[in-house]
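So you can see what is in the structure, the chains are spelled out below.
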Amino acid sequence: MADQTHVLFVEDDDVIREATQLALERDGFVVTAMPDGLSGLEAFRANRPDIALLDVMVPGLDGVSLCRRIRDASTVPVIMLSARADSIDVVLGLEAGADDYVTKPFDGAVLVARIRAVLRRFGHASGGDKADEDAPEGSGGVLTFGELEIDTEGMEVRRAGQPVALTPTEMRLLLEFSSAPGTVLSRDKLLERVWDYGWGGDTRVVDVHVQRLRTKIGQDRIETVRGFGYKLKA
């Protein structure tokens, strides 16, 4: 039981909450399900789950605000659930610190696959997968790009000598760029390598995370190559 993954699930729709909780538990997850943002925040503080699934539109404290509160205290992975794929709420959730999102209605198998993909990146045990199996090869030691230093063994980043706090997803994104400086990486390639998508995904996830990474390591350090993707300036 100790190695089971604990999921915090915040959803105000009783039918969706109960059905999803049962589906996740059948797949071996331990689930704490809450109907609103405030109870979800209390459950997060009390239980320290391995991953949080947050519906965007929940009462009391909406999912985006809850994500910000969680991110202020923890780097635990967060997946947002949104009823509208084109909603601005998707981008707001990613900008608040979410690592991924799933559009409702969702297939239970797809949700489980996305959860496990996120957990692999974060190194949590779920079916025996580990994040470091997919780490860039040949990235030992400290890499230097101008005032940016990346300690790929200690998983630490400094800019002009000052520590930079990155989420695990941001760190993996930076490691991908630093493993091939000057090489253009397409959004689809980044989705495959960082988000572990074996299928097509929404490239907004990449764009928002690149922008968040730029604000931390320097706006000019990652260059946009229009029509192709992004590259780290060597």
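Calculation criteria
Residues numbered from 1 in each chain as written. Predicted model: local features only at pLDDT ≥ 70, side-chain atom pairs only at ≥ 80, totals over all residues. Heavy atoms only, no water. Salt bridge = Lys/Arg side-chain N within 4 Å of Asp/Glu carboxyl O. Helix = DSSP H or I, 4+ residues; strand = E, 2+ residues; numbered from the N terminus. Buried < 20%, exposed > 50% of the residue type's maximum accessible area, 1.4 Å probe, protein only. Polar contact = N/O pair within 3.5 Å; in protein donor to acceptor, adjacent residues only side chain to side chain. Contact = heavy atoms within 4.5 Å. Core = buried A, V, L, I, M, F, W, Y, C linked by side-chain atoms within 4.5 Å. Pairing = 2+ DSSP bridges. Right-handed = clockwise from strand over helix to strand, strands pointing away. Axes fitted to C-alpha atoms, helices over the stretch in contact; angles between N-to-C directions.

**Student:** Whenever I open this one, the pattern of salt bridges confuses me. Can you help?
**Tutor:** Working definition: two side chains of opposite charge can pair if their charged atoms are close together. Under the definition given, this model contains 12 salt bridges. The shortest N-O distance in the salt bridge between Arg114 and Asp100 comes to 3.1 Å. Taken together, the residues Arg114 in helix α5 (residues 108–122) and Asp100 in strand β5 (residues 100–103) connect sequence positions 14 residues apart. Each member of the pair, Arg114 together with Asp100, is buried. Glu147 is the salt-bridge partner of Arg159, the closest N and O atoms lying 3.1 Å from each other. Taken as a pair, Arg159 in strand β8 (residues 156–159) and Glu147 in the loop between β6 (142–145) and β7 (148–151) lie far apart in primary sequence, 12 residues in all. Given a relative accessible area of 43%, Glu147 falls into the partly exposed group. Taken together, the shared-partner salt bridges in this structure form one network comprising Glu11, Asp55 and Lys104.

**Student:** In this structure, what is going on with the side chain of Asp99? I would like to understand it.
**Tutor:** For Asp99, the location among the structural elements is in the loop between α4 (88–95) and β5. A polar side-chain atom of Asp99 sits 2.7 Å from a polar atom in the side chain of Thr169. In contact with Asp99, other than residues within four places in its own chain, are Arg71, Val76, Pro77, Val78, Leu94, Arg121, Phe122, Thr167, Thr169, Trp195, Val205 and His209.

**Student:** Can you walk me through the nonpolar core in this structure?
**Tutor:** Looking at soluble globular proteins, one finds that nonpolar side chains tend to be buried together. Ranked by internal contacts, the top residues of the largest apolar core, which has 49 residues, are Leu54, Met80 and Phe177. With 6 residues, helix α8 (residues 204–217) is the single largest residue contributor to this core. Dropping the residues within four chain positions of it, Met80 is found in contact with Leu54, Val56, Gly63, Val64, Cys67, Gly93, Ala98, Asp100, Tyr101 and Val102. Counting 16 residues, the second largest nonpolar core, distinct from the first, contains Ile51, Val102, Leu111 and Leu119.

**Student:** What's the story with the pairing of strand β4 (residues 78–82) in this structure? I'm lost.
**Tutor:** Remember that side chains alternate between the two faces of the sheet whenever the strand is regular. Buried residues dominate β4, accounting for 5 of its 5 residues. In this structure, strand β3 (residues 51–55) lies alongside β4, joined through 4 bridges in parallel fashion. Considered in β4, the bridge of Ala52 is made with Val78. Read from β3 through helix α3 (residues 63–73) to β4, the crossover connection turns out right-handed.

**Student:** Is there a simple way to think about α4 in this case?
**Tutor:** Since there are 3.6 residues in each turn of an α-helix, residues three or four apart along the chain are aligned in direction. Among the residues of α4, those classed as buried are Asp89, Val90, Val91, Gly93 and Leu94. The inward-facing, buried residues of α4 contact α3, β4, β5 and α8. Gly97 lies just past α4 and shows a positive phi near 120°.

**Student:** Which parts of the structure should I look at to understand the sheet that holds strand β2 (residues 30–34)?
**Tutor:** What holds strands together in a sheet is hydrogen bonding between their backbones, with the strands either parallel or antiparallel. Taking strand neighbours across the sheet as the criterion, the 5 strands line up as β2-β1-β3-β4-β5 in an open arrangement whose pairing is parallel. What marks the edges here is a single partner per strand, and that holds for β2 and β5. Shown here is a sheet whose adjacent strand axes are inclined to one another by a mean of 20°, direction ignored. As paired elements, strand β1 (residues 6–10) and β3 share 4 bridges and run parallel to each other. Its bridge partner being in β3, Val10 is matched across the sheet by Leu54.

**Student:** Which parts of the structure should I look at to understand unusual backbone geometry?
**Tutor:** Negative phi values dominate among residues other than glycine, just as trans dominates among peptide bonds. A cis geometry characterises the amide bond from Lys104 onward to Pro105, with omega recorded as 0°. The phi torsion at Arg48 lies on the positive side, around 45°, for a residue other than glycine. Structurally, Arg48 can be placed in the loop between α2 (37–47) and β3. For Met155, which is not glycine, the phi torsion reads 55° and is therefore positive. Its location among the elements puts Met155 in the loop between β7 and β8. When its relative accessible area of 42% is taken as the criterion, Met155 is described as partly exposed.

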